[in-house]
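Per-entry structural report
Listed below, chain by chain, are the residues.
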Amino acid sequence: MNFSAGFLRLSAPRFSRSLATVTHTPRSAPQRHDWTRQEIQKIYDSPLLDLVFRASSIHRQNHDPSKIQLCTLMNIKTGGCSEDCSYCSQSSRYSTPTKASRLLDIEPVIEAARKAKENGSTRFCMGAAWRDLAGRKRGFERILQMVREVRGMGMEVCTTLGMLSPEQAKQLKEAGLTAYNHNLDTSREFYPQVITTRSYDERLGTISAVRDAGISVCSGGILGLGESDADRVGLIQEVANMPEHPESFPVNALVPIPGTPLEGNERVAHHTLLRTIATARVVLPGTIIRLAAGRNTLSESEQAMCFMAGANAVFTGEQMLTTPCSPWDEDKAMMGRWGLEGMQSFEQASVARKEGTALGPQPTRIVSESQAESS
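Residues numbered from 1 in each chain as written. Predicted model: local features only at pLDDT ≥ 70, side-chain atom pairs only at ≥ 80, totals over all residues. Heavy atoms only, no water.

With that settled, consider the pairing of strand 5 (residues 156-160). For a regular strand, side chains alternate in direction, first toward one face of the sheet and then toward the other. Of all the five residues making up strand 5, five are buried; the element is thus mostly covered by neighbouring parts of the structure. Pairing between strand 4 (residues 123-128) and strand 5: five bridges, direction parallel. In the sheet register, Cys125 faces strand 5, and the bridge partner there is Cys158. Note that the unit made of strand 4, helix 4 (residues 137-152) and strand 5 has a crossover that is right-handed. As defined by bridge partners, strand 5 adjoins strand 6 (residues 179-181) across two bridges and the pair is classed as parallel. (Buried < 20%, exposed > 50% of the residue type's maximum accessible area, 1.4 Å probe, protein only. Helix = DSSP H or I, 4+ residues; strand = E, 2+ residues; numbered from the N terminus. Pairing = 2+ DSSP bridges. Right-handed = clockwise from strand over helix to strand, strands pointing away.)

So, in structure tokens, the structure goes:
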């Protein structure tokens, strides 16, 4: 303090510039597994900007907000599926532009994975349009080899192959599989309006087999199926109350495809997508939230709001399974404008732990006192 001419003058406080660049490992919030519908609905219904601010604060406590996981998805076996998922053009029950094909050979898949890695993707996902792997021994052996080779490139590997038995999950783990995608799609109550050939409990059974095998679980849903806000809340509650929160929670916006029963559905509103992402971030603080199908229909500013609300993964590349995808070059340019960068492989702590991969502490931005108190 300085005294001059009888007046008290307070010197401006001096802060070290280095404080703004302090880094530390993200602080993982404890997982809750006893969420009620009412609690989540209250979060979902809160004023949207308040909800986004809350979600953003929680996101920054648990993740580096400058990092986005870049994933590339490849359809390794297209169409001819016996399921009746009403949103999917790969069902053999519907007349759609998607034509059935056989399981791809190994080399084209490995070449696609190499291209994805060269373009910055760190997770390579492979999807096959099957109900399950019954009677597909040779095909499964080929997929196991695909997993081994992609994993040998230092990439995270994910597959979605329909229902799995515990033994099949174990074989995938031994081959080096990082994650398995098996979406619940929607709430338990609305699910029968969308799919009748596979029960909700069968989906949960596959997820249990994957988790028990030590594979990371990727499970989320689709918005725009005709569901209500309560169904979106029900989906989030279902995954939040699993024995472990899923490693990733994909949020898909329905892309209506001609020939499917949902071809006439309207595009889901951006505020609904944003509200769902933000609610999932509050309830699933350590989970990666993947902005998945339908992202190519969003403007750059709409995508930025999703990242602000807690989304921290995207699919990028030439194609999703049967719908368009944002190209690598466009995504990298967008991320550069917004100060974002791609994650490393196995950077997520829960994935690294299951892989036995020790990457060491990953830097993140400092968490303010007010943010820490709000958690």
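In this structure, Asp185 takes a positive phi of about 75° despite not being glycine. Structurally, Asp185 can be placed in the loop between strand 6 and helix 6 (200-212).

Among all positions in helix 5 (residues 166-175), only Gln168, Ala169, Leu172 and Ala175 are buried. Mapping the buried residues of helix 5 onto a view down its axis gives an arc of 120°, with all of them on the same face. Projecting away from the buried face of helix 5 at angles above 90 degrees are the exposed residues Pro166 and Glu174. Along its buried surface, helix 5 packs onto helix 4, strand 5, strand 6 and helix 6. Just downstream of helix 5, Gly176 is the residue with a positive phi angle, here 110°. (Arc of directions from axis to C-beta. Contact = heavy atoms within 4.5 Å.)

Turning our attention to the packing of aromatic side chains. How two aromatic rings sit relative to each other is set out by the distance from centre to centre and by the angle between their planes. Across all of its chains, the model carries one aromatic pair by this definition. Taking NZ or CZ as reference, Arg275 lies 5.8 Å from the ring centre of Tyr44, over its face. (Phe/Tyr/Trp six-rings, centres within 6.5 Å; stacked < 30°, edge-to-face > 60°. Lys NZ or Arg CZ within 6 Å of the ring centre and 35° of its normal.)

For the rest of this paragraph, the subject is the nonpolar core. Taken as a class, soluble globular proteins show a tendency for nonpolar side chains to be buried jointly. In terms of nonpolar packing, the biggest core is built from 87 residues, with Ile76, Tyr87, Phe124, Leu172 and Ile277 touching the most fellow members. No other element matches helix 8 (residues 270-283), which puts seven residues into this core. When residues no more than four places from it in sequence are discounted, the contact partners of Tyr87 are Asp185, Val194, Ile195, Arg203, Ile222, Leu225, Leu254, Ile257, Thr260 and Leu262. If you look at the next biggest cluster of nonpolar residues, it comprises seven residues, including Cys125, Cys158, Ala179 and Phe315. (Core = buried A, V, L, I, M, F, W, Y, C linked by side-chain atoms within 4.5 Å.)

All right, on to helix 4 then. A rise of 1.5 Å per residue sets the reference length of helix 4, with its 16 residues, at 22 Å; its end C-alpha atoms lie 23 Å apart and thus fit the reference within 8%. Listed as buried for helix 4 are Gly139, Phe140, Ile143, Leu144, Met146, Val147 and Val150. For helix 4, the angular spread of buried residues about the axis comes to 155°, placing them on one side. Exposed and facing more than 90 degrees away from the buried side of helix 4 are Lys137, Arg138 and Gly152. Directly after helix 4, the chain includes Gly154, whose backbone phi takes a positive value near 85°. (Expected span 1.5 Å × (residues − 1).)

Moving on: the side chain of Ser219. With respect to the secondary-structure elements, Ser219 resides in the loop between strand 7 (216-218) and strand 8 (221-223). Side-chain polar atoms of Ser219 contact the backbone oxygen of His182, separated by 2.8 Å. Dropping the residues within four chain positions of it, Ser219 is found in contact with His182, Asn183, Leu184, Ile207, Val239, Pro246, Ser248, Phe249 and Pro250. (Polar contact = N/O pair within 3.5 Å; in protein donor to acceptor, adjacent residues only side chain to side chain.)

Another point: the pattern of salt bridges. What the rule picks out here adds up to 19 salt bridges. Among the ionic pairs, Glu189 bridges to Arg37, the shortest N-O distance being 3.0 Å. Taken as a pair, Glu189 in the loop between strand 6 and helix 6 and Arg37 in helix 1 (residues 37-44) lie far apart in primary sequence, 152 residues in all. Residues participating in the shared-partner salt-bridge network are Arg32, Asp34 and Glu39. (Salt bridge = Lys/Arg side-chain N within 4 Å of Asp/Glu carboxyl O.)

Looking at the secondary structure, you find His245 in the loop between helix 7 (229-240) and strand 9 (248-253). There is a polar contact of 2.8 Å between the side chain of His245 and the backbone oxygen of Arg32. A polar contact of 3.0 Å, which involves the side chain of His245, links it to the backbone oxygen of Ala240. Apart from residues lying up to four places away in sequence, His245 is in contact with Gln31, Arg32, His33, Val239, Ala240, Val283, Leu284, Pro285 and Thr287.

Moving on to the pairing of strand 3 (residues 67-77). Among the 11 residues that make up strand 3, 11 are buried, leaving the element largely enclosed by the rest of the structure. The pairing of strand 3 with strand 12 (residues 341-342) spans two bridges and is classified as parallel. For Ile68, the partnering residue across the bridge sits in strand 12 and is Gly342. Bridge count for strand 3 against strand 11 (residues 313-315) is three bridges, and the pairing is parallel.

Relative to each other, helix 1 and helix 7 sit at 120°, their axes nearing to 9 Å. It follows from the interaxial angle that helix 1 and helix 7 lie oblique. For the pair helix 1 and helix 7, the crossing hand works out as right-handed. Counting all contacts with helix 1, which are made through Arg37, Ile40, Gln41 and Tyr44, the residues of helix 7 involved are Asp229, Ala230, Arg232, Val233, Gly234, Ile236 and Gln237. (Axes fitted to C-alpha atoms, helices over the stretch in contact; angles between N-to-C directions. Parallel < 35°, antiparallel > 145°, perpendicular 65-115°, else oblique. Left-handed = near helix turned anticlockwise from the far one by under 90°.)

Before going further, it helps to examine the confidence of the model for the chain. Averaged over every residue, the pLDDT of the chain is 86; residues scoring 70 or more account for 85%. Across residues 1-24, confidence stays below pLDDT 50; counting only partners more than four residues off in sequence or on other chains, it has 21 contacts. The model gives residues 357-375 a pLDDT under 50, and that stretch makes 45 contacts with residues more than four places away or in other chains. (pLDDT = per-residue confidence, 0-100.)

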